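Residues per chain, in single letters:
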Amino acid sequence: MLCIFCPHCGEYREEEEFSARGQAHIKRPEDPEACSDEEWGNYMFFRKNPKGLHHELWVHSAGCGKFFNMTRDTVSYEIKETYKIGEQPSVVAAEK
Amino acid sequence: MQKYSAFELFKNSVSHHENWPRMWENPVPKKKYDIIIIGGGGHGLATAYYLAKEHGITNIAVLEKGHLGSGNICRNTTIVRSNYLWDESAHLYEHAMKLWEGLSQDLNYNVMFSQRGVYHLCHTLQDIRDNERLTYANRLNGVDNEMVDAEQLQREIPLLDCSDKTRFPILGASVQRRAGNARHDAVAWGYARGAAMRGVDLIQNCEVTDMVIENNTIVGVKTKQHGVIKADRVGCVTAGHSGVMAKMAGFELPVESHPLQALVSEPIKPVLDTVVMSNHVHGYMSQSNKGDLVIGAGIDSYLGYGQRGSYSIIEHTVQAIVEMFPEVSRVRMNRQWGGIVDTTPDACPIISATPVKGLFFNCGWGTGGFKATPGSGHVFAATLAQGKAHELAEPFSIERFHNGALIDEHGAAAVAH
Ligand SMILES: Cc1cc2nc3c(=O)[nH]c(=O)nc-3n(C[C@H](O)[C@H](O)[C@H](O)COP(=O)(O)OP(=O)(O)OC[C@H]3O[C@@H](n4cnc5c(N)ncnc54)[C@H](O)[C@@H]3O)c2cc1C
Ligand SMILES: [Zn+2]
């Protein structure tokens, strides 16, 4: 069971109060009409799937209801940090 | 290699079954193969088998990082069915179903395929409408499927609580009677033996760590244990690790890897002779030939490569099972485990050429690829042999995520399996 720190509530709560919502920091194209099929498809369907550090979006669904981001290791499941939407992660994977 | 028969069984019983020959050897890999298959799971082994048997290509190696069948093939809950909604998937899964129906004979290996039926329960009017639609769509595609009402369902499955006293009363179900399950290990071993018999090298403990690509064409793979092994074509069939493999080849796949869990109870006397699944309360159960109740549900919602999941998921799964089968509430659970499944945005697999010439991927089967094992191997073998997609595989190209021709199976893919 993950024990997750909600940056809005400022408290640790059990995983069951939260829902994972996939990759974080996805930017909608500025001008969707100008996108090629490939750019639009990449935005819609292609997600990072790292074996290791991952930045993902979570929502405190059975708590404050607010979204936030998490940096987590997808192998050990260790949570490195949680941070608010709009903030940048402080733990990042070294580019290989 | 030895053909299995009643006579052989008798003959070997005389020596207390101590002299059966090995089913495959552990060869040292050659420097170069016509085709390399990465991943010794069900789909990879089936691909090798059909390449050798139907296309006469035997200079093949299957490279497996652990032992054969150490991935999802031997972790899954073995549900086999073909009642998918859309034409493309119904054709693909029905192709597999037809192969299942003759598989034990074809492999000369008993995969214990048992067509005991699979029920999809309906708890709401919308469930009934969706399942009726599915039933009609299936029949138009020549796939059997029928509706049964609650009364008949209760007669067919006494263990199931079809009363109106439950939180989500059961209104009826659709049932595919040709569906059922099979013994997963036997499927892996049967294909492995069949492939090895025809000259395929099965290389275990051989992890692929990189792809060797020249002029945008695959020329081989780099392995941890045996260095570079060359090949004209490479088929990657690594299920949960497909995203990692694609990255080695320099492109991205629209797959995400999630933990999927299952659990089995202690063995008990026969209580359930079919497979029951419910999307609504979210769980499914069958009983193995050994007597254990085989239970599963949905994926953990986060990405994970840990081959284990969260306890909260198990708790929900068991709640669903007790809702459907209150009588088993005090049966003790024996084991619980997880696998890594590669899910796609439309819950359909990817069987496809890639941006790298000569490199093909067969992945994205997510939570429901066991049922497709023979079909997947069969069409992927043809794809690798011809260097272009088999007719049934064509709609499952990666291109669909750019041209928009998705095959949305979220409804029929169901609780998952
Ligand atoms: C708990 C659970 C229940 C399931 N229930 C069902 C069900 O009821 N019905 C159904 O139809 N499906 C079910 N599935 C899904 C099904 O198991 C999979 O879709 C299917 O097994 C995937 O294909 P595979 O057998 O080839 O995968 P795997 O057996 O996972 O094969 C992939 C292989 O690739 C190897 N590999 C990975 N990386 C490398 C590398 N770098 N080098 C070399 N080898 C590598 C792995 O070790 C592995 O052996 C379930 C899955 C799980 C986890
Ligand atoms: Zn909160």
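Summary of the structure given here. (Residues numbered from 1 in each chain as written. Chains lettered and ligands numbered in written order. Predicted model: local features only at pLDDT ≥ 70, side-chain atom pairs only at ≥ 80, totals over all residues. Heavy atoms only, no water.)

1. Looking at the sheet that holds strand S4 (residues 53–59) of chain A
All names here are of chain A. Overall, antiparallel pairing links the 4 strands, which are arranged S3-S4-S5-S6 in an open sheet. The open sheet has two free edges, formed respectively by strand S3 (19–23) and strand S6 (79–84), since each of these has just one partner strand. Each neighbouring strand pair of the sheet contributes to a mean axis angle of 30°, computed without reference to strand direction. Bridging between strand S5 (residues 67–73) and S6 involves 5 bridges; their strand directions are antiparallel. Paired with Met70 across the bridge in S6 is Thr82. (Pairing = 2+ DSSP bridges. Helix = DSSP H or I, 4+ residues; strand = E, 2+ residues; numbered from the N terminus. Axes fitted to C-alpha atoms, helices over the stretch in contact; angles between N-to-C directions.)

2. Considerations on the site of ligand 1
Residues and elements named next belong to chain B. Inspection of the region around ligand 1 gives 39 residues, with Glu64, Asn72, Thr77, Gly369 and Lys371 positioned closest. Contacts to ligand 1 include Ile73, whose backbone N or O atom sits 2.9 Å from an oxygen atom. One nitrogen or oxygen atom from the main chain of Gly369 is found 2.9 Å from an oxygen atom belonging to ligand 1. When ligand 1 sits alone it has 1,000 Å² of accessible area, and the protein chains cover 97% of it. Counting only elements with at least two residues in the shell around ligand 1, the list comes to helix H2 (42–55), strand S12 (256–265) and strand S16 (333–343). The dominant element in the shell around ligand 1, judged by the number of residues it contributes, is S12, at 3 residues. In the shell around ligand 1, the residues fall into 15 nonpolar, 19 polar and 5 charged. (Near = heavy atom within 4 Å. Polar contact = N/O pair within 3.5 Å; in protein donor to acceptor, adjacent residues only side chain to side chain. Areas by Shrake-Rupley, 256 points an atom, 1.4 Å probe, with all protein chains shown as cover. Nonpolar A, V, L, I, M, F, W, Y, C, P; charged D, E, K, R; others polar.)

3. Re the nonpolar core
Residue and element names in this part refer to chain B. Core analysis: the largest hydrophobic core is formed by 58 residues, its most contacted members being Ile37, Trp100, Tyr191 and Leu202. The residues touching Ile37, leaving out its near neighbours within four places in the chain, are Gly44, Thr47, Ala48, Leu51, Ile60, Ala61, Val62, Leu63, Gly235, Val237 and Leu384. In this structure, Ile218, Phe251, Ile350 and Leu359 belong to the second largest nonpolar core, which totals 31 residues. (Core = buried A, V, L, I, M, F, W, Y, C linked by side-chain atoms within 4.5 Å. Buried < 20%, exposed > 50% of the residue type's maximum accessible area, 1.4 Å probe, protein only. Contact = heavy atoms within 4.5 Å.)

4. Details of empty space enclosed by the protein
For the structure on display, the rule yields 2 cavities of 30 Å³ or more. If you add up the space inside the largest cavity, you get close to 80 Å³. Looking at the largest cavity, the residues that line it are Arg47, Lys48 and Asn49 of chain A together with Gly243, Val244, Ala246, Lys247, Phe251, Glu252 and Leu253 of chain B. For the lining of the largest cavity, the residue count by class is 4 nonpolar, 2 polar and 4 charged. Within this model, the second largest cavity holds a volume of roughly 40 Å³. Together, Gln261, Ala262, Leu263, Gly296, Ala297, Gly298, Ile313, Ile314 and Thr317 of chain B line the second largest cavity. Those elements that place two or more of their residues in the lining of the second largest cavity are S12, strand S15 (293–299) and helix H9 (311–324) of chain B. Of the residues contributing to the lining of the second largest cavity, the split by class is 5 nonpolar, 4 polar and no charged. (1 Å grid on protein atoms, 1.4 Å probe; cavity = no way out; pocket = protein on both sides within 12 Å on 5 of 7 lines; lining within 4 Å. Points joined across faces, edges and corners; volume = space filled by probe spheres on them.)

5. Section: the coordination of the zinc ion (ligand 2)
When a metal carries six donors in an octahedron, the ideal angles between them are 90 or 180 degrees, while four donors in a tetrahedron ideally lie at 109.5 degrees. Residue and element names in this part refer to chain A. Distances from the zinc ion (ligand 2) to its protein donors, Cys6 (SG), Cys9 (SG), His60 (ND1) and Cys64 (SG), fall within 2.0 to 2.3 Å. If you look at the zinc ion (ligand 2), its 4 donor atoms make angles of 104 to 113° with each other, and the shape they trace is tetrahedral. Spacing between the donor residues of the zinc ion (ligand 2) along their common chain follows C-x2-C-x50-H-x3-C. With a gap of 58 residues between them, Cys6 in strand S1 (residues 3–6) and Cys64 in the loop between S4 and S5 connect regions that are remote in the sequence. (Donors = N, O, S within 2.8 Å, 3.2 Å for Na, K, Ca; no water. Tetrahedral: all angles 85-135°; square planar, octahedral: opposite > 155°, others 65-115°.)

6. What about the side chain of His258 of chain B?
Examined against the element boundaries, His258 of chain B turns out to sit in strand S12. Among residues more than four places away in sequence, those in contact with His258 of chain B are Ile299, Asp300, Ser301, Tyr302, Leu303, Gly304, Gly339, Ile340, Val341 and Thr343 of chain B.

7. Points about the pairing of strand S18 (residues 359–363) of chain B
Residues and elements named next belong to chain B. Burial analysis of S18 places 5 of its 5 residues in the buried class, the great majority of the element. Neither face of S18 is left uncovered, since the one carrying Leu359, Phe361 and Cys363 and the one carrying Phe360 and Asn362 both have all their residues buried. Relative to S18, strand S11 (residues 227–236) is paired through 3 bridges, and the arrangement is parallel. Residue pairing for S18: Val234 is matched across the bridge by Leu359. Where strand S17 (residues 350–353) and S18 come together, 4 bridges link them in antiparallel fashion. Considered in S18, the bridge of Ala353 is made with Phe360. Where S17 folds back on S18, the antiparallel hairpin that results is connected by 5 residues, among which Gly358 adopts a positive phi of roughly 85°.

8. Topic: the environment of Ala320 of chain B
All names here are of chain B. Positionally, Ala320 belongs in helix H9. Sequence separation between Ala320 and Leu153 is 167 residues, and the spatial gap between their C-alpha atoms is 18 Å. Among all residues touching Ala320, those that are not within four sequence positions of it are Val281, His282 and Gly283.

9. A few points about the interface of chain B and chain A
Contact residues are listed per partner, giving 30 residues for chain B and 24 residues for chain A. Interface of chain B and chain A: buried area, both sides summed, is about 2,300 Å²; carbon and sulfur atoms make up 55% of it. If you look at where chain B meets chain A, you find 0 salt bridges. Linking chain B with chain A are 14 residue pairs in polar contact (both at pLDDT 80 or more). (Buried area = accessible area lost by both parts, 1.4 Å probe. Salt bridge = Lys/Arg side-chain N within 4 Å of Asp/Glu carboxyl O.)

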